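# Descriptive structure summary
Residue-level listing of the chains:
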Amino acid sequence: MEKCRLYWIAALLFLCTLTGFVNNNDLYNVRLTSSNIDADKIFLLIDKSDYRMYVYEDVTLRKIYKVVFGNRDQADKRREGDRLTPEGTFHIQSKRIDKLWSRFLLLDYPNEESLQKFRAMQENGLIAASATPGGGIGIHGVEAGSGITDAYVDGRINWTLGCISMKNRDVNELFEYIKVGTPVVIRK
């Protein structure tokens, strides 16, 4: 009987989270570390339309971060130099400490899905045959040395060349518990 009751409480909490009855503001402030989250069960969902990164452990939403992108145009990346952030499913390819952006988590863009979309746009004449898909897309902090600060993230000021930018303290936290190979879904 107790097990059934706990199941229904868990189901109710899940429904409340989906319908907005749970205060997600707490998920901006929770501190995640490698000791309180299982890196093997994490995936990241980056939603360009609401400027948020959602950290899931299995099906449980564990953390929300504010993020910004390349420019205000929320379209999918088309070619190198368009300052658009790609959409699709990617993986963290590598991690490094970075002099400009505090931490850098490289995505496997362009992957096969991205290349197929790119080639289709070329074949349909939407981009030049000489265009390239670009690369070097990742998740990183702000470039404080050039005057780009956390206020850009809070103010939703897009400034990157197509990467996902976070506050430095946030990317430092993410860097500590995320592992190479983690799935990253980017959507509009």
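Computed from a predicted structure; not experimentally measured. (Residues numbered from 1 in each chain as written. Predicted model: local features only at pLDDT ≥ 70, side-chain atom pairs only at ≥ 80, totals over all residues. Heavy atoms only, no water.)

## A short note on the overall build of the protein chain
Note the threshold: Under the scheme used here, helices are H or I runs from DSSP no shorter than 4 residues and strands are E runs no shorter than 2 residues, and both carry numbers assigned from the N terminus. For each residue, the accessible area found with a 1.4 Å probe, counting protein chains only, is set against the maximum for its type, and the residue is called buried under 20%, exposed over 50%, and partly exposed in between. The contact definition used throughout considers only heavy atoms, calling two residues in contact when any of these lie within 4.5 Å. All accessible areas in this document rest on Shrake-Rupley with a 1.4 Å probe, and a residue is counted as covered only by the protein chains that are shown.
When its secondary structure is counted, the protein chain shows 5 helices and 8 strands. Ordering the α and β elements of the protein chain from the N terminus gives α-α-β-β-β-β-β-α-β-α-β-α-β. Here the protein chain holds 188 residues, and 46% of them are scored as buried. Expressed as a percentage of contacts within the protein chain between residues at least 6 apart in sequence, the contacts between residues at least 24 apart total 65%. Total accessible area on the protein chain is roughly 10200 Å²; 55% of this is exposed by carbon and sulfur atoms.

## Remarks on unusual backbone geometry
Of the consecutive residues Tyr 109 and Pro 110, the connecting peptide bond is found in the cis state with omega at 0°. In this fold, Pro 110 is placed in the loop between strand 5 (102–107) and helix 3 (112–123). One non-glycine residue, Asp 58, lies in the positive phi region at around 60°. Within the secondary structure, Asp 58 is located in the loop between strand 2 (52–57) and strand 3 (60–66). A residue is classified by how much of its surface remains accessible, and Asp 58, at 44% relative accessible area, is partly exposed. If you check the backbone angles, Arg 83 has positive phi at about 60° while not being a glycine.

## Topic: the packing of aromatic side chains
The cut-off we apply is this: Pairing of aromatic rings covers Phe, Tyr and the six-membered ring of Trp, with a centre-to-centre limit of 6.5 Å; geometry is then stacked below 30 degrees between planes, edge-to-face above 60, and tilted otherwise. In our convention, an over-ring charge means Lys NZ or Arg CZ found within 6 Å of a ring centre and within 35 degrees of that ring's normal.
Under the criterion given, the structure shown has 4 aromatic pairs. Taking the centre distance of 4.9 Å and the plane angle of 5° together, the rings of Phe 43 and Tyr 56 count as stacked. Here Phe 43, found in strand 1 (residues 42–47), pairs with Tyr 56, found in strand 2; they are 13 residues apart in sequence, far enough to count as distant. What makes Phe 43 partly exposed here is its relative accessible area of 27%. With a centroid separation of 6.1 Å and 70° between ring planes, the pair formed by Phe 90 and Tyr 109 is classed as edge-to-face. Within this pair, whereas Phe 90 is found in strand 4 (residues 88–98), its partner Tyr 109 is found in the loop between strand 5 and helix 3, the two being separated by 19 residues in sequence. One exposure class covers both Phe 90 and Tyr 109, and it is buried. Over the aromatic face of Phe 175 sits the side chain of Lys 95, whose NZ or CZ is 4.6 Å from the ring centroid. Stacked on the ring of Phe 175, the Lys or Arg Arg 103 has its end atom at 5.4 Å from the ring centre.

## What about the environment of Ser 35?
We count it as follows: Whenever two N or O atoms come within 3.5 Å, that pair is a polar contact, provided that in protein one can donate a hydrogen and the other can accept it, and provided that, for residues adjacent in sequence, both atoms are side-chain atoms.
Secondary-structure assignment places Ser 35 in the loop between helix 2 (26–29) and strand 1. Overall, Ser 35 belongs to the exposed group, its relative accessible area being 68%. Considering only alpha carbons, one finds Ser 35 and Tyr 177, 142 residues apart in sequence, at a separation of 8.4 Å. Separated by 2.8 Å, the side chains of Ser 35 and Thr 33 make a polar contact.

## Concerning the pattern of salt bridges
The condition that has to hold: Put simply, a salt bridge is a Lys or Arg side-chain nitrogen that is within 4 Å of an Asp or Glu carboxyl oxygen.
Taken as a whole and judged by the stated rule, the model has 15 salt bridges. Put simply, Glu 87 and Lys 188 hold a salt bridge, and the shortest N to O gap is 3.8 Å. Placement of the pair is Glu 87 in the loop between strand 3 and strand 4 and Lys 188 in the segment after strand 8 (183–187), with a sequence separation of 101 residues. A relative accessible area of 15% places Glu 87 in the buried class. Asp 170 is the salt-bridge partner of Arg 169, the closest N and O atoms lying 4.0 Å from each other. Relative accessible area serves as the criterion here: at 56%, Arg 169 is assigned to the exposed category. Overlapping salt bridges, with partners in common, bring together Arg 31, Lys 63 and Glu 173 in one network.

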